[in-house]
Amino acid sequence: MRRLRPDKNFSITILLGFNVLIWAILIFHLGQLQIGQAAYFQNKAGLLNDFTEIRPVRGNIYVQDKDGHRYLVATTINAYDVYFNPLMVKNFNQEANTIALDLNIDPKILKTATHSIMIAKDIPSQVENRLISLRYDSLFFNQKYLRYYPEGNFLSRIIGFTSFDQNNNLVGRYGLESYYNDLLAGQPGYRDSFGQIQPAVAGSDLVLNIDYFVQKEAEKVLVDGIKKYRAQGGSASGGLIAVVRPNGQVVAAAEFPNYNLNDFQNVPPSDYGVFLSRLVENYEPGSVFKAITYSAALQEGLISEKTKYFDHGYINVDGWKIWNFDYQGRGEVSLLRAFEESLNTGAAYVESLLGNPTFLSYVKKYRVDRRPEIDLPYLTKGDISTLYPPYGRNVNYVTASFGQGVSLSPAALLMVYNVFANNGMMYNLSLVNKIVYPNGQIVDENPIKIGQIISLQTNDKFKRFLAQVVIAGSGQFAKVQGYTMGGKTGSAYIPNKNKTGYSHELINTFIDILPLNQPQFIVFVQIDNPGALSELTAVPLAKKINEFLVNYYNIPPDNLAELRPASN
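Residue numbering note: each chain is counted from 1, following its sequence as written. For a predicted model such as this one, the threshold for reporting local features is a pLDDT of at least 70, and the threshold for listing and counting side-chain atom pairs is 80 or more; totals across whole chains, interfaces and linings nevertheless cover every residue. Heavy atoms from the whole structure form the basis of all side-chain values; hydrogens and water molecules are not counted.

Draft legend 1. Quick look at the overall build of the chain. A count of helices and strands for the chain gives 17 helices and 23 strands. Think of it in three bands: with a 1.4 Å probe and only protein chains considered, a residue is buried below 20% of the maximum accessible area for its type, exposed above 50%, and partly exposed in between. A total of 568 residues make up the chain; the buried ones form 49% of that total. Taking as baseline every contact in the chain between residues at least 6 positions apart, the subset at least 24 positions apart corresponds to 70%. Computed with a 1.4 Å probe, the accessible areas rest on the Shrake-Rupley method; for each residue, only the protein chains presented here act as cover. Accessible area for the chain stands at about 28500 Å²; split by element, carbon and sulfur atoms hold 53% of it. Secondary structure elements follow DSSP: runs of H or I of four or more residues count as helices, runs of E of two or more count as strands, with numbering from the N terminus. A contact between two residues is defined here by any heavy atoms of the two lying within 4.5 Å.

Have a look at this one:
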């Protein structure tokens, strides 16, 4: 009988099948790990190398004085939130009473706690150090950065403030804090669980053109003036005093009302307008706008200071009767006198010589229809829509010639007047003087020339008009003996908010150039509804600023004839 032998092919088949099964099981498990449980293992890996953000220190903001000394107006400080864990207490009554006394809180808050709770927010370093010295295991601290403003209300509507975003980072919300946020904020770093550290990069510092002492004086003069003249204009009540160098550097910007930068959270929603600077808020400027009308006609060769017209006290245009401010006619007068006395009929006559298209071209050349060139956020264009269809009637051009029916910001007006302080050249306005980067590099923010608006010859002729306002017109009360000066007043009715037409309330404006022959400063004063025209309100306030500037900067007199005693 023959013995049967195993089939070799059959054995090999069994062996191969077994191997395939093993590999299939392995591949299946690998797929499960790679696909089915990918999120799980990614989370595990993340826990092994956890990243902690290192927040940067926000840059400082400084103002300076005439000698270049710096004064800190915005900085970053360490602050701490304090947590209490009742499960870590060793002597409950003693710890609760001591902590409560130190933080001035009710000890019941601690004694009734059943889990960890926050018991104090934003405490300073010295308080945190005092609590640490108690050596209580029940206390825990969370460090963070807070923005601090050493001068409180000082320059508040220009500086702006910061608040925390959804990632708990400080972000600038208004003013310079907002405009320069990317520079001030710096770059965050990180620390991972393996001990690797990428340091944070601190924010850059800003050094402003604002002079500490000029700003202080301007704020005092403004507040005292508002009290004296009882300025009141509803939600717009208050005023503005700005001092600008001819190259556009803003030396002061005093505003009222203002607010405490360290307490912005308590400003009621109805007053949120206080967060925006009046320097960039549009308004109808009144007769200070006549500078555009007259200088345009001089540039076109249409008038001189001796050109005369007949002033009836009013004109009729498109069925409207438009009066001088005092409802008086003066007969035949020169345009120099019309500018000196701020006669609306004079501005209307000059505009008629220019013609509507040419007048509009100069309004645009002076950039009234654009945003002002200044380093602040939330800028709006000037409004000259009344000079275009479907409006654009002759009466709109006439009222625009003396600054009604059109609007622009004080910043835009200061750019107009720095033309006359710069031989016809317009500059931008700048608040920041230097940027100091974390590596020590210092970059100067140089003034920018916008362009030549009128010629040097035209500018010299127009200065005579500005000078006459201070010599014999509505700007006399701004005069400082021994100095040539020029300026222009303006009073304009405030438009109604909820209906067409104008209210009976005024905004007064006065702008002057000091000294006129060798300009060093442009002074702007705006005051709301003080109950009298500019020459009795805004002009005297400007004089106080002019006198301070002369003394503080030791400006030498340029009109020595006024200082010589009269001969017997």
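Draft legend 2. Structural view of the environment of K544. Its place among the elements puts K544 in helix α17 (residues 538-552). In sequence terms K544 and A478 are 66 residues apart; their C-alpha atoms lie 7.8 Å from each other.

Draft legend 3. Looking closely at the nonpolar core. We define the nonpolar core as a collection of buried residues of types Ala, Val, Leu, Ile, Met, Phe, Trp, Tyr and Cys that are connected through side-chain atoms lying within 4.5 Å of one another. By size, the foremost hydrophobic cluster in this structure holds 100 residues, and its most contacted members are L208, L279, Y294, Y366, Y417, F420 and F462. Not counting chain neighbours up to four residues away, the residues in contact with Y417 comprise V288, A291, L466, K488, I511, I513 and I522. By size, the runner-up hydrophobic cluster in this structure holds 32 residues, among which are A254, F521, A542 and Y552.

Draft legend 4. Representation of the packing of aromatic side chains within the structure. Put simply, two rings from Phe, Tyr or Trp (the six-membered ring, in Trp's case) pair if the centres are within 6.5 Å, and we call them stacked under 30 degrees between planes, edge-to-face over 60, tilted for the rest. Inspection of every chain in the model, using the stated rule, returns 30 aromatic pairs. On the numbers, 5.0 Å between centres and 70° between planes, the contact of F161 with F275 is edge-to-face. Taken as a pair, F161 in the loop between α6 (156-159) and β6 (162-164) and F275 in the loop between β12 (250-256) and α10 (290-299) lie far apart in primary sequence, 114 residues in all. In this pair, the class of F161 matches that of F275, namely buried. Between Y272 and F275, the aromatic rings sit 5.3 Å apart at their centres with planes inclined by 25°, giving stacked as the arrangement. On the accessibility criterion, Y272 (41% relative accessible area) is partly exposed. Residue F275 is classed as buried on the basis of its relative accessible area, which comes to 5%. Ring-pair connections join several aromatic residues into one group, and the members of that group are Y71, F154, Y212, F213, F521, F548, Y552 and Y553. Sitting over a ring, as applied to charges here, requires NZ of Lys or CZ of Arg to be within 6 Å of the ring centre and within 35 degrees of the ring normal. In this structure, R70 packs its charged tip against the face of Y62, placed 6.0 Å from the ring centre. Over the aromatic face of Y314 sits the side chain of K321, whose NZ or CZ is 4.4 Å from the ring centroid.

Draft legend 5. Spotlight on the layout of surface pockets. For each structure, a 1 Å grid was placed over the protein atoms alone; sets of points admitting a 1.4 Å probe that cannot get out are labelled cavities, open sets with protein on both sides within 12 Å along at least five of seven lines are labelled pockets, and lining residues have an atom within 4 Å of a point. Grid points are joined across faces, edges and corners, and a volume is the space filled by probe spheres set on the points. There is about 1400 Å³ of room inside the largest pocket. Together, 43 residues line the largest pocket, and N344, F402, Q404, Y493 and Y502 are the ones closest to its centre. Counting residues per element, the ones that place at least two in the lining of the largest pocket are β15 (320-323), α14 (394-401), β21 (486-495) and β22 (502-514). The element that contributes the greatest number of residues to the lining of the largest pocket is β21, accounting for 5 residues. Amino acids are sorted into nonpolar (Ala, Val, Leu, Ile, Met, Phe, Trp, Tyr, Cys and Pro), charged (Asp, Glu, Lys and Arg) and polar (every other residue, Gly among them). A class-by-class count of the residues in the lining of the largest pocket yields 15 nonpolar, 20 polar and 8 charged.

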